[in-house]
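Chain and residue survey
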Amino acid sequence: MATDTTTGLSEHMRGVTVTTLACLAGLGAALGSATIFGTTAAAAVGTGQALLVATAVLIQFPILKIVGVDIGDFGIKDNLYVAFMTFCLWFITYTVLLTSAVGA
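Residues numbered from 1 in each chain as written. Predicted model: local features only at pLDDT ≥ 70, side-chain atom pairs only at ≥ 80, totals over all residues. Heavy atoms only, no water.

1. A closer look at the overall build of the chain
Using the following cut-off: Strands here are runs of E lasting at least two residues and helices are runs of H or I lasting at least four, both read from the DSSP assignment and numbered beginning at the N terminus. Note on exposure labels: buried denotes an accessible area under 20% of the residue type's maximum, exposed denotes more than 50%, and partly exposed covers the range between, all computed with a 1.4 Å probe on protein chains only. By definition, residues are in contact when any of their heavy atoms lie within 4.5 Å. Using a 1.4 Å probe, accessible areas were evaluated by the Shrake-Rupley method; residue-level cover was limited to the displayed protein chains.
The helix and strand inventory of the chain stands at four helices and zero strands. Helices and strands appear in the chain in the N-to-C order α-α-α-α. Put simply, the chain has 104 residues, and 33% of those count as buried. Expressed as a percentage of contacts within the chain between residues at least 6 apart in sequence, the contacts between residues at least 24 apart total 76%. Working note: accessible area of the chain is about 6500 Å², and carbon and sulfur atoms make up 73% of it.

2. What to know about a nonpolar patch on the surface
Here is the rule: The residues that make up patches have over 30% relative accessible area and no salt bridge, and they are joined within 9 Å when like-charged or within 5 Å when they are Val, Leu, Ile, Met, Phe, Trp or Tyr. Here a salt bridge means any side-chain nitrogen of Lys or Arg lying within 4 Å of a carboxyl oxygen belonging to Asp or Glu.
Taken together, the side chains of Leu9, Met13, Val16, Ile59, Ile63 and Val67 define a hydrophobic patch exposed on the protein surface, amounting to about 450 Å² of accessible area. Looking at the nonpolar patch, the elements that each hand over two or more residues are helix H1 (11-36) and helix H3 (48-67). Its place among the elements puts Ile59 in helix H3.

3. As for the environment of Ile63
With respect to the helices and strands, Ile63 occurs in helix H3. For Ile63 and Leu21, which are 42 residues apart along the polypeptide, the C-alpha to C-alpha distance reads 8.7 Å.

4. Things to note about the packing of aromatic side chains
Cut-off, in case you're wondering: Stacked, tilted and edge-to-face pairs are distinguished by plane angle, under 30 degrees for stacked and over 60 for edge-to-face with tilted covering the rest, among Phe, Tyr and Trp rings (Trp via its six-membered ring) whose centres lie within 6.5 Å.
Applying the stated rule across the entire model yields five aromatic pairs. Taking the centre distance of 6.2 Å and the plane angle of 80° together, the rings of Phe61 and Phe74 count as edge-to-face. Here Phe74 lies in the loop between H3 and helix H4 (76-102) and Phe61 lies in helix H3, a separation of 13 residues in the sequence. Site record: aromatic cluster; members linked through ring pairs are Phe87, Trp90, Phe91 and Tyr94.

5. Some thoughts on the pattern of salt bridges
A full pass over the atoms with the stated rule returns one salt bridge. Salt-bridge contacts for Arg14 lead to Asp78; the nearest nitrogen and oxygen are separated by 3.7 Å. Remark: Asp78 occurs in helix H4 and Arg14 occurs in helix H1; sequence separation between them is 64 residues. On the basis of relative accessible area, Asp78 is assigned to the partly exposed category, the value being 24%.

6. Some points on the UniProt feature "transmembrane region" (unreviewed entry) in the chain
Let me state the cut-off plainly: UniProt positions are given in the numbering used here, feature names are shortened, and annotations may be inferred rather than shown by experiment.
Taking the UniProt record as the reference, the feature "transmembrane region" (unreviewed entry) is found at residues 21-44, 50-68 and 80-102. Helix makes up 83% of residues 21-44 and strand makes up 0%, while its end C-alpha atoms are separated by 25 Å. Within the segment residues 50-68, helix and strand shares are 95% and 0% respectively, and the terminal C-alpha atoms sit 28 Å apart.

As structure tokens, then:
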């Protein structure tokens, strides 16, 4: 392909890699929140989950660099995208886990 570079990923693979890692980090943060903090009503009001999500966002950047994504090209839009996707997947997954514990 003409758009491939010899040192990095194509634009499509870069986008797929960033999105996949952000989504998996969000899922992992939600499972970690449920495991570490629990799924009770008292656990849902803590601030530790926010720190776990922030950690999941920050851990992604070194992983992206290892995988071959040039994070030096990231602008504010790319950084916000990673944080937003991670937060959204964490929020949805943790909400499902919290509500499934209500019926139990």
